[in-house]
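# Structure at a glance
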Amino acid sequence: MILPNSVVGVFGSGQLGRMFAIEARKMGYRVHTFSPEDDTPTGQVADYETCADYEDLEAVREFAESVDVVTFEFENVPSVCIETAAQYAEVFPKGEILHTTQNRLREKTFLLRNNFPHAPFRHIVTLEDLRKATGEIGFPCVLKTAGFGYDGKGQTKLKSADDVEKAFADLKNQEAVLEAFIEFEKEVSVVCARDRKGNFAHYGVIENDHVRHILDVSFAPAIVSEKVYVEAVEIARNIAETFDYVGTLCVEFFLTKDEKLLINEIAPRPHNSGHLTFDACVTSQFEQQLRAVCGLPLGSSEFYKPAAMINLLGDVWQTGEPDWTKALELPGVKLHLYGKAEARPGRKMGHLTALAETSQKAVEIVKAAKQALQRG
Ligand code: AMP
């Protein structure tokens, strides 16, 4: 067991690591973050910040030797980095899980092999593969690069055979997957945690609205049937068990009109849709991650109240510094900012959370709060 006052190492240094570090410091742990940047969202609240490349294995060794356990807030860490760290410290979740989930092809192959529901897909290397695959899957469909994709990056929707050649050329020889376009009714996620003894905790079903492929609003509880709720949680539990997972995990789903759940992605870490647990739950997704990787029991994932979260992207700064007082005047609204200096459009800068009597009321409040803080 890794007790308070020990040092937890975190690969990655964004907002997920920052909120993890806040929870870890609350419980008396020290945090050491490792990433290629400095003065990062995580580094600003961590005790130690190492700025080095993930492939600088000497720096990785020094880092791993200096901490009591290693975890992640970012899954696109090269395998060689994780393998090196694992020689000097315990690493949770395991490197193989990151290896599987950081690549869409490996992730979808895992889903297929283990009979987890997902959209039909094909592996694409050549233009011929793509032509054949569009014939099998049909239009519309979505072409996604296999590696390093998030928030809709590296993906193109193909509407007809006319789009095939350009979409293939745009891949620039990167390996890809073609998947069916799903006419979903809504998108939902299950954020859950599993500890070293195999105990499981979850936050039920969270409903997510995306704008331009980026998460905009999440709310919980989601508006879904009991059947969908039970099935989504069971799928998440089975995935965690199949991986022998330790830490916080998020499974993102498409929910179709006929109530079929299809897994879109697995995030082997706390997730944007779980940010609302920070204010709304007895134990946040970040504290669960800490407890799990340190070998402590998981906490209660009970909600104090229904909740909603809205992301604040850099776009909100376009008309100047947002008017924070306007949002904070609204009762039940909580502001989270990630300490990023430059507000680029599309960059996640912070979020607002609201608690209310129903999740729909909470959505209205966070939307009004975001509206209120934008000038002009
Ligand atoms: P991803 O980066 O794969 O999570 O995709 C980001 C968002 O794009 C998803 O949350 C969906 O809103 C949309 N999207 C991705 N893949 C599909 C698909 N196969 N069918 C319909 N919408 C999709």
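Nothing here was measured: the structure is a model prediction, and the numbers come from that model. (Residues numbered from 1 in each chain as written. Predicted model: local features only at pLDDT ≥ 70, side-chain atom pairs only at ≥ 80, totals over all residues. Heavy atoms only, no water.)

### Re the domain arrangement of the protein
By domain assignment, the protein separates into domain 1 (7-91), domain 2 (120-180) and domain 3 (184-373). Of note, the centres of domain 1 and domain 3, computed from C-alpha atoms alone, are 23 Å apart. For the pair domain 1 and domain 3, the summed buried surface comes to about 1,900 Å²; carbon and sulfur atoms form 67% of the total. Linking domain 1 with domain 3 are two salt bridges. With a closest N to O distance of 3.4 Å, Arg196 and Glu90 form a salt bridge. Linking domain 1 with domain 3 are eight residue pairs in polar contact (both at pLDDT 80 or more). Among the elements of the structure, helix 1 (15-26) and strand 4 (69-72) are those that each provide at least two residues to the side of domain 1 that touches domain 3. At eight residues, the largest contribution of residues to the side of domain 1 that touches domain 3 is made by helix 1. Among the residues making up the side of domain 1 that touches domain 3, the classes are represented as 12 nonpolar, three polar and five charged. (Domains from an automatic or database assignment. Buried area = accessible area lost by both parts, 1.4 Å probe. Salt bridge = Lys/Arg side-chain N within 4 Å of Asp/Glu carboxyl O. Polar contact = N/O pair within 3.5 Å; in protein donor to acceptor, adjacent residues only side chain to side chain. Helix = DSSP H or I, 4+ residues; strand = E, 2+ residues; numbered from the N terminus. Nonpolar A, V, L, I, M, F, W, Y, C, P; charged D, E, K, R; others polar.)

### Let's talk about the site of the ligand
Of all residues adjacent to the ligand, which total 17 residues, the nearest are Lys144, Glu179, Ile182, Glu187 and His213. One of the side-chain nitrogen or oxygen atoms of Gln155 is found 3.1 Å away from an oxygen atom of the ligand. Compared with its free state, where it exposes 470 Å², the ligand has 95% of that area covered by protein. Among the secondary structure elements, those contributing two or more residues to the shell around the ligand are strand 6 (141-145), strand 8 (176-180), strand 9 (184-194) and strand 14 (261-267). In the shell around the ligand, the residues fall into six nonpolar, five polar and six charged. Two domains each provide a minimum of three residues to the shell around the ligand, namely domain 2 (120-180) and domain 3 (184-373). (Near = heavy atom within 4 Å. Areas by Shrake-Rupley, 256 points an atom, 1.4 Å probe, with all protein chains shown as cover.)

### Some thoughts on the pairing of strand 6
The element strand 6 is largely enclosed, with a buried count of five among its five residues. Going residue by residue along strand 6, you find Cys141, Leu143 and Thr145 tucked away on one face and Val142 and Lys144 tucked away on the opposite face as well. Bridge analysis of strand 6 against strand 8 gives five bridges, and the strand direction is antiparallel. Residue pairing across strands places Val142 opposite Glu179, the latter belonging to strand 8. (Buried < 20%, exposed > 50% of the residue type's maximum accessible area, 1.4 Å probe, protein only. Pairing = 2+ DSSP bridges.)

### Remarks on a negative patch on the surface
Taken together, the side chains of Asp53, Glu55, Asp56 and Glu62 present a region of like negative charge at the surface. With respect to the helices and strands, the residue Glu62 is situated in helix 2 (residues 57-66). (Patch = residues over 30% accessible without salt bridge, like charges linked within 9 Å, V, L, I, M, F, W, Y side chains within 5 Å. Lys, Arg positive; Asp, Glu negative; His and termini not counted. Charge placed at Lys NZ, Arg CZ, Asp CG, Glu CD.)

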